[in-house]
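Residues per chain are reported as follows:
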Amino acid sequence: ARCKALQAQALALKAADMSAVSNPDAPEYREKSLEAVRKAGELAPYDIKLRGSLLNTCIILQDYDIMVHQADYLLQANPNDINGYQTAIRVSLAAAEYYRIQGQSDKETQYLQEVVKVYTKLQKQLNKIGSPIYWEGASLFLAPEHLLNVAKAHYLLGNYQQAGEVMEAINVSTGTPP
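Residues numbered from 1 in each chain as written. Predicted model: local features only at pLDDT ≥ 70, side-chain atom pairs only at ≥ 80, totals over all residues. Heavy atoms only, no water.

A. Examining the state of the cysteines more closely. In total, this model carries 0 disulfides according to the counting rule given. Take Cys 3: it sits in no disulfide, and the sulfur closest to it among the cysteines is that of Cys 58, at 18 Å. Under the relative-accessibility criterion, Cys 3 is labelled exposed at 66%. (Disulfide = S-S within 2.5 Å. Buried < 20%, exposed > 50% of the residue type's maximum accessible area, 1.4 Å probe, protein only.)

In structure tokens:
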């Protein structure tokens, strides 16, 4: 799996270099890289380090759909790690913004909903575990910047009340009065 991940990264870098100079073979290298990403993911679906590497490869390729897919696997592999939630929110919001710029409002909405879905997963995980007695990693609380991203997604989806509730959570987490 690690060999496939390294192959995917090498092919992605080659594709990016070729794209920069408008080489007509760039799409072929990009597709080969994406195939290696898929294969590596199949070989080790819950390897967190591998998924992080594959996510970085997808960033090089600027493939937002697969980036979000890789981030989702980070959550599945370790639902008690706040970094996975923050990464998934950041990547999903980046995908939404990319598709907004491209004029694809349906895809923008899909990824804004993904941000909300990740936040909901986090809330369910918090309710499920109560206080993480056996967890030694960072606590399962989003930093204010990530809460702001969730509020932004709610707002752009027209969920104004939920956006306000998340903004209140930001005030509570930073000690700022509402």
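So much for the structure itself; the text now carries on.
B. Seen up close, the side chain of Arg 51. Looking at the secondary structure, you find Arg 51 in helix 3 (residues 48-61). For the buried Arg 51, no salt bridge exists, and the shortest N-O distance to an oppositely charged side chain is 7.9 Å, to Asp 47. With residues near it in sequence (within four places) discarded, Arg 51 still touches Gly 41, Ala 44, Pro 45, Gln 70, Tyr 73 and Leu 74. (Helix = DSSP H or I, 4+ residues; strand = E, 2+ residues; numbered from the N terminus. Lys, Arg positive; Asp, Glu negative; His and termini not counted. Salt bridge = Lys/Arg side-chain N within 4 Å of Asp/Glu carboxyl O. Contact = heavy atoms within 4.5 Å.)

C. Structural detail: a nonpolar patch on the surface. A grouping of Tyr 155, Leu 156 and Tyr 160 is seen on the molecular surface, where their side chains present a nonpolar patch of about 370 Å² in accessible area. Residue position: Tyr 155 is located in helix 7 (residues 144-156). Here Tyr 155 falls in the exposed class, since its relative accessible area comes to 52%. (Patch = residues over 30% accessible without salt bridge, like charges linked within 9 Å, V, L, I, M, F, W, Y side chains within 5 Å. Areas by Shrake-Rupley, 256 points an atom, 1.4 Å probe, with all protein chains shown as cover.)

Just distances and angles here, no functional claims.
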